Amino acid sequence: MADLNLSFDEMWEKIMACDQTYDGLFYTAVKTTKIYCRPSCRSRKPKKINVEFYHDIEMVEKAGYRACKRCQPEVEQSPNTAIVKAVISFLINHYTQRLVLNDIAENVGISPFYLERLFKQETNETPRAYLERIRIDKAAHLLKNTQLSNLDICYGVGFHSPSNFYRAFRRVKNCSPSEFRNKEGSDENGMGGS
Ligand SMILES: [Zn+2]
């Protein structure tokens, strides 16, 4: 099982936001209850210190955790889930690169046409829109946790023009990167990057 390019804190942010984008890619296991969940589970949130993350459902079960009855992380939604999961893992691990549909299709071994249709059918989004959301999530994480400038973040997460970055950011987060940083950022040393 390939590692997913997400830090503990990033995964923690996803579960606090009940973000469905990452369902099936990792599991939240709670040491105190011995229950594991999807990232999007809406049950009461555990304490951060009691959480560990698994990328693999077999590993989490082997470690003695039981599936949450509410979010049912062990239930695959459809037979196509494995392909869609492979696509999303690929996007998360290659988001900094310039990606075209062909690269993704080649990686999972299906035709670009079939990939686009299948992905849309399973997620209601195109791979391109999904990738954009992953990039904006990464950007939001960096705005919140680092002092990097908006421009550094824009290029760092794989956008090739600031105007695209600002437009995409606003579409996903309903505010500008600077507004987001002011709202969410930690003010450890009070040096905003705006
Ligand atoms: Zn759950």
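Residue numbers run consecutively from 1 along every chain, following the written order of its sequence. With pLDDT at 70 or above as the cut-off, local features in this predicted model cover only qualifying residues; side-chain atom pairs require 80 or more to be listed or tallied, and sums for whole chains, interfaces and linings still use all residues.

Peer 1: I'd like to hear about the packing of helix α3 (residues 81–94) against helix α6 (residues 127–145), residue by residue, with values.
Peer 2: Under this scheme, a helix contributes an axis fitted over its contacting stretch, all axes are lines through C-alpha atoms, and angles between N-to-C directions fall in the 0 to 180 degree range. Labels follow the DSSP assignment, with helices taken as runs of H or I lasting at least four residues and strands as runs of E lasting at least two, numbered in each case from the N terminus. For the pair α3 and α6, interaxial distance at closest approach is 10 Å and the crossing angle is 45°. Judged on the interaxial angle alone, α6 and α3 are oblique. Where α3 crosses over α6, the handedness of that crossing is right-handed. Contacts from Val87, Ile88, Leu91 and Ile92 of α3 reach α6 at Pro127, Tyr130, Leu131 and Ile134. Residues are grouped as follows: nonpolar covers Ala, Val, Leu, Ile, Met, Phe, Trp, Tyr, Cys and Pro; charged covers Asp, Glu, Lys and Arg; every other residue, Gly included, is treated as polar. Here the contact of α3 with α6 is built from residues that sort into eight nonpolar, no polar and no charged. Should an angle fall under 35 degrees it is called roughly parallel, over 145 degrees roughly antiparallel, and 65 to 115 degrees roughly perpendicular, with every other angle called oblique. Handedness of a crossing is defined here by the sense of rotation of the near helix relative to the far one, left-handed for an anticlockwise turn of less than a right angle and right-handed for a clockwise turn. For every residue pair, C-beta atoms are placed from the backbone, and the pair is scored as a contact if these atoms sit within 7 Å.

Peer 1: For helix α5 (residues 112–123), give the residues involved together with the corresponding values.
Peer 2: The α-helix advances 3.6 residues per turn, and as a result positions three or four apart in sequence lie on the same side. Under the 1.5 Å per step criterion, the end-to-end length of α5 is 16 Å for 12 residues, consistent within 8% with the ideal 16 Å. Where α5 terminates, the next one or two residues include Asn124, which has phi positive at roughly 60°. To estimate how far a helix should reach, multiply one less than its number of residues by 1.5 Å.

Peer 1: Account for the domain arrangement of the protein, with residues named and values stated.
Peer 2: When the domains of the protein are assigned, the result is domain 1 (8–67) and domain 2 (76–188). Counting residues at the interface gives five residues for domain 1 and six residues for domain 2. Taken together, the residues of the side of domain 1 that touches domain 2 break down into one nonpolar, two polar and two charged. For every domain, the bounds stem from an assignment made automatically or drawn from a database.

Peer 1: I'd like a description of the environment of Pro39, backed by residues and values.
Peer 2: In this fold, Pro39 is placed in the loop between β2 (35–37) and β3 (51–54). Counting other C-beta atoms within 10 Å of its own, a residue is labelled buried from 20 upward, exposed at 12 or fewer, and partly exposed in the gap between, with every C-beta atom placed from the backbone. Given 25 C-beta atoms within a 10 Å radius, Pro39 is considered buried. Separated by 114 residues in sequence, Pro39 and Ile153 have C-alpha atoms that sit 25 Å apart. Here Pro39 is in contact with Lys14, Ile15, Asp19, Tyr22, Asp23, Phe26 and Thr28, once residues within four sequence places are set aside.

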